[in-house]
Amino acid sequence: MSVESNGGLTSVDRALQILELLRHHRTVRVMEVAEHLGVARSTAHRLLQALVHRQFVVQDANKLYYRGPAFLTAGFGDDRIPVLRGVARAHLERLSAVLQETCHLAVIEGNGARFIDGVESPQILRVGLRIGMLLPAHITAVGKALLAELSDAELFALYPRGLPGSPVEANRRASLRRELATVRKRRYATNIDESAKGVRAAAVVVKNSDGLAVASIAVAAPSTRCPRSGLGRLAEHLHEAATAIEGSLAGTGPGAHGRNTSSPKG
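Colleague: Could you give an account of the side chain of Thr102, naming the residues involved and the relevant values?
Modeller: Locating Thr102 in the fold gives a position in strand β4 (residues 102–109). Here Thr102 falls in the buried class, since its relative accessible area comes to 0%. Among the polar contacts listed, one links the side chain of Thr102 to the backbone nitrogen of Ser121, at a separation of 3.0 Å. Look past the residues within four positions of Thr102 in its chain and what remains in contact with it is Val119, Glu120, Ser121, Arg126, Val127, Gly128, Leu129, Ala218, Val219 and Ala220.

Structure (structure tokens):
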């Protein structure tokens, strides 16, 4: 075996070690990867960027790396994902059939909402599926439903410098906290033209047998078909579906769907 090929194998092995690290931790930093692999920061950064290029990893504005869509599609993701998708699928299909709108299933990843499954509306004018996408949690109904389950300290840790985006948004963390308080009070979150113009959505959380939020489900519809006053009606259907999903989750075995909040540093 040549030195060149051996070096190539070493790089592949290190990349696989990063993927394995991300199986157990939601986020990693360059320094944490460097320490885990026993390499220089420059080497860790190069490996992470290669994984970003292939969409196995995504990076946010705070230089944290998360699992990317290719990571989940390839089956390397969180062990909860197959369980949640398998259990929720029939309920999402039923919900979409009743409402004739697009339904989504999502989990929280850092300060992002990862869409892990969905059922598209059969109507010609419809909201498209977002499976595999990671969107800022604070602009999506599924994300806000999950953020509302966090304590102030947990929320602050996700947004230490305020909300990402424009300078105006950077000062909106207090506004987000107030909105999340409203979400907790009425028991559902909304998205009114925030993640996409002309789209409105409502979302509720799905909890495990320990009462921890492990996912959220949403109904998304074109605004022309969904007035603000109609979001509460969507939420009623969502609560029924969430209760059904929770009942199904209770039969999948202990520990299969607990919330993973660990980090490489413990």
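Colleague: Tell me about the sheet that holds strand β3 (residues 65–67), and please be specific about residues and values.
Modeller: Reading across the sheet, the 3 strands line up as β1-β3-β2 and stay open at both edges, with antiparallel pairing between neighbours. With partners counted over all chains shown, the strands left at the sheet margins are β1 (27–28) and β2 (57–59), one partner each. In this structure, β2 lies alongside β3, joined through 3 bridges in antiparallel fashion. Its bridge partner lying in β3, Gln59 is registered against Tyr65.

Colleague: Account for the packing of helix α5 (residues 80–99) against helix α9 (residues 231–249), with residues named and values stated.
Modeller: α9 packs onto α5 with a crossing angle of 150° between their chain directions and a minimal axis gap of 10 Å. Relative to α9, α5 is oriented roughly antiparallel. Crossing geometry of α5 relative to α9 is assigned as right-handed. From α5, Val83, Leu84, Val87, Ala88, His91, Leu95, Val98 and Leu99 reach across to α9, where they touch Arg233, Leu234, His237, Leu238, Ala241, Ala244, Ile245, Ser248 and Leu249. Across the contact of α5 with α9, the residue classes break down as 13 nonpolar, 3 polar and 1 charged.

Colleague: So, the sheet that holds strand β6 (residues 134–136): which residues are in play, and what are the values?
Modeller: Sheet architecture is open: 6 strands sit in the order β6-β5-β4-β9-β8-β7, paired in antiparallel fashion. Sheet topology places β6 and β7 (189–192) at the edges, where each strand pairs with a single neighbour. The sheet shows a mean angle of 30° between the axes of neighbouring strands, direction not considered. The sheet contact formed by strand β8 (residues 199–207) and strand β9 (residues 213–222) spans 9 bridges and is antiparallel. From the neighbouring strand, Val204 faces β9, where its bridge partner is Ile217. Of the strands in this sheet, β7, β8 and β9 are in contact with α9, which crosses β8 at around 30°.

Conventions we followed
- Residues numbered from 1 in each chain as written.
- Predicted model: local features only at pLDDT ≥ 70, side-chain atom pairs only at ≥ 80, totals over all residues.
- Heavy atoms only, no water.
- Helix = DSSP H or I, 4+ residues; strand = E, 2+ residues; numbered from the N terminus.
- Buried < 20%, exposed > 50% of the residue type's maximum accessible area, 1.4 Å probe, protein only.
- Polar contact = N/O pair within 3.5 Å; in protein donor to acceptor, adjacent residues only side chain to side chain.
- Contact = heavy atoms within 4.5 Å.
- Pairing = 2+ DSSP bridges.
- Axes fitted to C-alpha atoms, helices over the stretch in contact; angles between N-to-C directions.
- Parallel < 35°, antiparallel > 145°, perpendicular 65-115°, else oblique.
- Left-handed = near helix turned anticlockwise from the far one by under 90°.
- Nonpolar A, V, L, I, M, F, W, Y, C, P; charged D, E, K, R; others polar.

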